[in-house]
Amino acid sequence: MRAYLLALWKYRVLTFMMFPALLIVVLNNYLPMFGVFIAFKNINYTDGIWGSPWIGFKNFEFLFSSQSIWRITRNTVLYSLTFMVVNLVLSVGIAVAISELRGRLLAKGYQTLIIMPYFLSMVVVSYLVYAFLNPDRGFVNVLLETFGADRVFWYSETEYWPYILTLVNAWKGVGIGAVIYIAAIAGIDPEYYEAAVIDGASKWRQTIHITLPSIQPIIIIMTILSMGHVFNSDFGLFYQVPMDAGALYPVTDTVDTYVYRVLMELNDIGMSSAAALVQSVLGFILVLATNATVRKINREQALF
């Protein structure tokens with residue numbers, strides 16, 4: 001105990017620097033965990049959370065008894081897995097391409113351009129997409145008519161939206177992932193590349209045998225963390241971008257959008273809390289399972 005206190009005093013400056021961030025984590029991530037109780041109560045706004053009666057697992061019944069449970073679960077999981085794979089491939093590819101640029105100013109410029117969409121609100125993104133897909137004056141329909149093709153009523157045709165949503169998600173999210181992998185590539189010892197050049201290795205072989213194996217631990221960690229969000233979806237992407245068009249529900253309705261609509265209709269926060277708890281528990285199980293799988297293959301690559 002004394003040694004611990006001495007170490008704490010020795011690094012007191014770093015401890016005080018960490019305190020604001022630690023406080024934010026506690027307030028934003030740990031205190032709200034007490035809201036888990038809401039999922040097991042029939043919330044009465046007059047009595048408050050603690051005064052409301054316990055009802056067990058009845059709040060979970062609306063989710064699992066819903067006729068849409070298969071559709072929303074399928075959409076949520078398949079979109080999450082697709083986004084994970086597509087964004088991973090594009091992020092790594094862009095990171096490798098930018099790391100090969102010799103001009104530092106040019107590389108920084110590209111990094112800035114690809115990360116900018118990440119900071120845009122989904123409301124803004126939805127209107128950008130609408131400018132392209134507007135049935136009357138949208139850029140895509142104008143282009144189709146220019147080449148003699150018929151215009152498409154995008155907000156009523158379900159077959160196009162899996163591709164549209166994947167493209168929009170990649171455009172918005174690939175940049176932040178690429179920046180992470182660029183930082184990982186920057187940490188690779190240049191001597192590896194120098195030795196490869198002496199041996200006559202091409203850029204492609206250097207990428208395959210040096211770059212990718214070196215950033216493999218980061219890729220695995222990012223994949224494990226992403227597995228925790230397989231049962232979650234970006235609400236703005238699936239609600240704002242399709243403009244909540246009812247005709248598109250078969251391919252755009254996810255657990256989050258479904259729960260939101262139910263909450264707006266029934267005004268029951270207990271049901272929405274139950275759905276969120278299910279998502280969190282399933283995500284936690286997936287993280288543990290993925291980490292255990294990685295641990296069996298290569299113990300050193302596991303997250304914990």
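Just above sits the structure.
Residues numbered from 1 in each chain as written. Predicted model: local features only at pLDDT ≥ 70, side-chain atom pairs only at ≥ 80, totals over all residues. Heavy atoms only, no water.

A. Up close: the overall build of the protein. Counting secondary structure elements, the protein contains 15 helices and zero strands. Once the C-alpha set of the protein is aligned to its principal axes, its extents read approximately 80 × 70 × 35 Å. Of the side-chain charges in the protein, 19 are positive and 19 negative, and the distance between the mean point of each set is 12 Å. (Helix = DSSP H or I, 4+ residues; strand = E, 2+ residues; numbered from the N terminus. Lys, Arg positive; Asp, Glu negative; His and termini not counted. Charge placed at Lys NZ, Arg CZ, Asp CG, Glu CD.)

B. Spatial organisation of the pattern of salt bridges. Scanning the model with the defined rule gives six salt bridges in all. Between Arg71 and Asp253 there is a salt bridge whose closest N-O contact spans 2.7 Å. Residue Arg71 is located in helix α5 (residues 69-99), and its partner Asp253 is located in the loop between α13 (249-252) and α14 (255-266); the two are separated by 182 residues in the primary sequence. Take Asp253: its relative accessible area is 2%, and that puts it in the buried class. Glu145 serves as the salt-bridge partner of Arg151, at 2.7 Å between the closest nitrogen and oxygen. Take Arg151: its relative accessible area is 28%, and that puts it in the partly exposed class. Overlapping salt bridges, with partners in common, bring together Arg71, Asp244, Asp253 and Arg261 in one network. (Salt bridge = Lys/Arg side-chain N within 4 Å of Asp/Glu carboxyl O. Buried < 20%, exposed > 50% of the residue type's maximum accessible area, 1.4 Å probe, protein only.)

C. The environment of Ile224, seen in detail. Among the secondary structure elements, Ile224 is positioned in helix α11 (residues 203-227). Residue classification places Ile224 among the buried positions, given a relative accessible area of 1%. Distance from Ile224 to Gly177, taken between C-alpha atoms, is 14 Å for residues 47 residues apart in sequence. Excluding anything up to four places from it in sequence, Ile224 contacts Val287, Thr290, Asn291, Val294 and Leu303. (Contact = heavy atoms within 4.5 Å.)

D. Representation of the packing of α5 against α11 within the structure. Closest axis-to-axis distance for the α5/α11 pair is 11 Å, and the angle between their directions is 145°. Where α5 crosses over α11, the handedness of that crossing is right-handed. Between α5 and α11, the contacting residues are Met84, Leu88, Val92 and Val96 on the first element and Thr207, Thr211, Leu212, Ile215, Ile219, Thr223, Ser226 and Met227 on the second. Of the residues that constitute the contact of α5 with α11, the class distribution is eight nonpolar, four polar and no charged. (Axes fitted to C-alpha atoms, helices over the stretch in contact; angles between N-to-C directions. Left-handed = near helix turned anticlockwise from the far one by under 90°. Nonpolar A, V, L, I, M, F, W, Y, C, P; charged D, E, K, R; others polar.)

E. How the structure looks around the packing of aromatic side chains. A full pass over the atoms with the stated rule returns 16 aromatic pairs. For the ring pair Tyr118 and Phe119, a centre distance of 5.3 Å and an interplane angle of 85° mean the geometry is edge-to-face. With a centroid separation of 5.6 Å and an interplanar angle of 80°, the aromatic rings of Phe132 and Phe139 are classed as edge-to-face. Residue Phe132 is classed as partly exposed on the basis of its relative accessible area of 44%. (Phe/Tyr/Trp six-rings, centres within 6.5 Å; stacked < 30°, edge-to-face > 60°.)

It is worth stressing that arrangement in space is one thing and function is another; only the former is reported here.
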